[in-house]
Amino acid sequence: MAAPENPKMQRPTKASSASRGTSPLPYLGDASSHLSATLTPQQYLQRMTDLQQMDLQSAVDQMRTLLSFYPQRVYKMAYYRKQTKNHWARDDPGFCFLQVVMILASSIAYGFAFRIASFSAIIGFVTKSILIHWLGFGVVMASVGRLIANQHLMTTATCSSHVKQNVEWLYAFDVHCNAFVPLFVLLYGVQFFLLPIVLGTSLLSLGVSNTLFAVAFGWYFYITHLGYRALPFLSNTEVFLFPIVAVLVLYVFNFVGYPFGLGFNASRIIAYVYFED
């Protein structure tokens, strides 16, 4: 009589199933491995204190790409990270580190340009620029974008061989950091050299200032849209382009309302809020 077969020997492994092609899609890991591979904000901040763990040259190259005609190429790296490390977000804080340094330098330059008298006032402006303009704005945009994506934009098609995915918060913050690059260049860099023009009271000053702000925020929302569109489990990501419509409406309203005293100069408003005694 033949001995009964061991049922453990009949159970195919994940590797053998993939090699026989029983699943049309590659295996990405089970739920426990997905959770353990997700990078936490605490781990990210710890890495930010060690310069040796940062690839600053790669961060500079990505910023150049975001300012080119093909900013979507930056998000291809997120796909590679998902395939190799099972998370979409950057695990290298060098990109954020460079942005903080750039905001620090530009804020000091603006402080001298507006003749801020005391050192403590300059420190206060630098702190506001980093904690409110970049970090605070980024936390809000990342949280809102992640909420919209996970609750309303998930694809309905599912596959039993895949773990259900969702948008990581750190990836959503990555999207903000990417979109912040052109905004920084225009509103912190270009605007600085145009201060004598944009702070004027003429129609030309209003036009130059509001054009800078409109292009900057339009570019911001466009790159935000590209970030969520890069995720294969999301659909209808065009909703992230809707704020551009509001930007255009405000832009046109300022020109139409200028003869009636309804137009406003964005640069003059910001200067009054932060630098008027």
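The present account deals with the structure reproduced in this document.

About the criteria used
Here, residues in each chain are numbered from 1, in the same order as that chain's written sequence. Given that the model is predicted, a residue must reach a pLDDT of at least 70 before its local features are reported, and side-chain atom pairs must reach 80 or more before they are shown or counted; all residues, however, enter totals for whole chains, interfaces and linings. Side-chain metrics rest on all non-hydrogen atoms present in the structure, leaving aside hydrogens and water. Helix numbers and strand numbers start at the N terminus; a helix is a DSSP run of H or I with at least 4 residues, a strand a run of E with at least 2. Between two residues, a contact is recorded if the distance between any of their heavy atoms is within 4.5 Å. Each residue is assigned to one of three classes by its accessible area relative to the maximum for its type, calculated with a 1.4 Å probe on protein chains only: buried under 20%, partly exposed between the two thresholds, exposed over 50%. Expected helix span is taken as 1.5 Å per residue step, with the number of steps being one fewer than the number of residues. Counted as salt bridges are all cases of a side-chain nitrogen of Lys or Arg within 4 Å of a carboxyl oxygen of Asp or Glu. Here a patch means residues that are over 30% exposed by relative accessible area and free of salt bridges, tied together within 9 Å if like-charged and within 5 Å if nonpolar (Val, Leu, Ile, Met, Phe, Trp, Tyr). Accessible areas in this description were obtained via Shrake-Rupley with a 1.4 Å probe; residue shielding takes into account the shown protein chains only. Lines fitted to the C-alpha atoms define the axes, with helices restricted to the stretch that makes contact. Angles between their N-to-C directions range from 0 to 180 degrees. For classification purposes, angles smaller than 35 degrees are called roughly parallel, those larger than 145 roughly antiparallel, those between 65 and 115 roughly perpendicular, and all remaining angles oblique. Here a crossing is taken to be left-handed if its near helix is turned anticlockwise relative to the far helix by less than a right angle, and right-handed if that turn runs clockwise. Residues are grouped as follows: Ala, Val, Leu, Ile, Met, Phe, Trp, Tyr, Cys and Pro are nonpolar; Asp, Glu, Lys and Arg are charged; every other residue, Gly included, is polar. We define the nonpolar core as a collection of buried residues of types Ala, Val, Leu, Ile, Met, Phe, Trp, Tyr and Cys that are connected through side-chain atoms lying within 4.5 Å of one another. Two rings from Phe, Tyr or Trp (for Trp, the six-membered ring) form a pair when their centres sit within 6.5 Å of each other. Planes less than 30 degrees apart are called stacked, planes more than 60 degrees apart edge-to-face, and all others tilted.

What follows covers the environment of W134. Looking at the element boundaries, W134 is found in helix α8 (residues 119-152). Sequence separation between W134 and H176 is 42 residues; the distance between their C-alpha atoms is 9.0 Å. What W134 contacts, discounting residues up to four positions off in sequence, is C96, Q99, V100, I103, S129, F173, H176, C177 and F180.

This next bit is on the environment of A113. Checked against the element boundaries, A113 lands in helix α7 (residues 94-113). Separated by 79 residues in the primary sequence, A113 and F192 place their C-alpha atoms 8.6 Å from one another. In contact with A113, other than residues within four places in its own chain, are F192 and L195.

So, about unusual backbone geometry. Even without glycine at this site, R115 takes up a positive phi of about 55°. Classification of R115 by relative accessible area gives exposed; the value is 74%. Phi angles above zero are rare outside glycine, and N236 is one such case at about 55°. With respect to the helices and strands, the residue N236 is situated in the loop between α11 (203-229) and α12 (242-257).

Attention shifts here to α7. The terminal C-alpha atoms of α7, which comprises 20 residues, lie 29 Å apart, in line with the 28 Å expected from a rise of 1.5 Å per residue. Among all positions of α7, only G94, F95, C96, L98, Q99, I103, S106, S107, Y110 and G111 are buried. R115 occupies a position one or two residues after α7 and carries a positive phi of about 55°.

A separate point is the pattern of salt bridges. Tallied over the entire structure, the rule returns three salt bridges. Of the charged contacts in the structure, one is a salt bridge between R64 and D61, with a shortest N-O distance of 3.9 Å. A residue pair is termed a helical-turn pair when its members lie 3 or 4 positions apart in one helix, as R64 and D61 do in helix α5 (residues 56-66) at three residues. Judged by its relative accessible area of 58%, R64 falls in the exposed class. Judged by its relative accessible area of 33%, D61 is partly exposed. Among the ionic pairs, R90 bridges to D174, the shortest N-O distance being 3.4 Å. Taken together, the residues R90 in the loop between α6 (76-85) and α7 and D174 in helix α9 (residues 169-193) connect sequence positions 84 residues apart. An identical accessibility class is assigned to R90 and D174; each is buried.

On the surface, a nonpolar cluster with roughly 850 Å² of combined accessible area is contributed by L250, F253, F260, L262, F264, I269, Y272 and V273. When contributions to the nonpolar patch are tallied by element, the ones reaching two or more residues are α12 and α13 (266-275). Broken down by element, the residue count for the nonpolar patch peaks at three residues, all from α13. One can find F264 in the loop between α12 and α13.

We now examine the packing of α7 against α8. For any two helices packed against each other, the geometry is given by the interaxial angle and the distance between the axes. Where α7 meets α8, the closest approach of the two axes is 9 Å, and the angle between their N-to-C directions is 140°. Viewed along their axes, α7 and α8 adopt a mutual orientation that is oblique. Here the hand of the crossing between α7 and α8 comes out right-handed. Counted together, C96, Q99, V100, I103, L104, S107, I108 and Y110 of α7 and I122, F125, V126, S129, I130 and W134 of α8 form the full contact between these two elements. Class assignment of the residues belonging to the contact of α7 with α8 gives a composition of 11 nonpolar, three polar and no charged.

The next subject is the nonpolar core. Considering soluble globular proteins, one finds that nonpolar side chains tend to be buried as a cluster. Of all hydrophobic cores here, the largest spans 56 residues; its most connected members are W134, V167, Y171, Y228 and L234. Only α5, α7, α8, α9, α10 (195-198), α11 and α13 provide two or more residues apiece to this core. For this core, the element with the most residues is α9, which contributes 14 residues. Residue contacts for V167: discarding those within four places in its chain leaves R146, A149, N150, A172, Y228, L231, F233 and L234.

Right, let's get into the packing of aromatic side chains. All chains considered together, the criterion is met by 17 aromatic pairs. Judged by centre distance (6.4 Å) and plane angle (65°), the ring pair of W88 and Y171 falls under edge-to-face. In this pair, W88 is assigned in the loop between α6 and α7 and Y171 in helix α9, connecting sequence segments 83 residues apart. Looking at W88, the relative accessible area reads 4%, which means it is buried.

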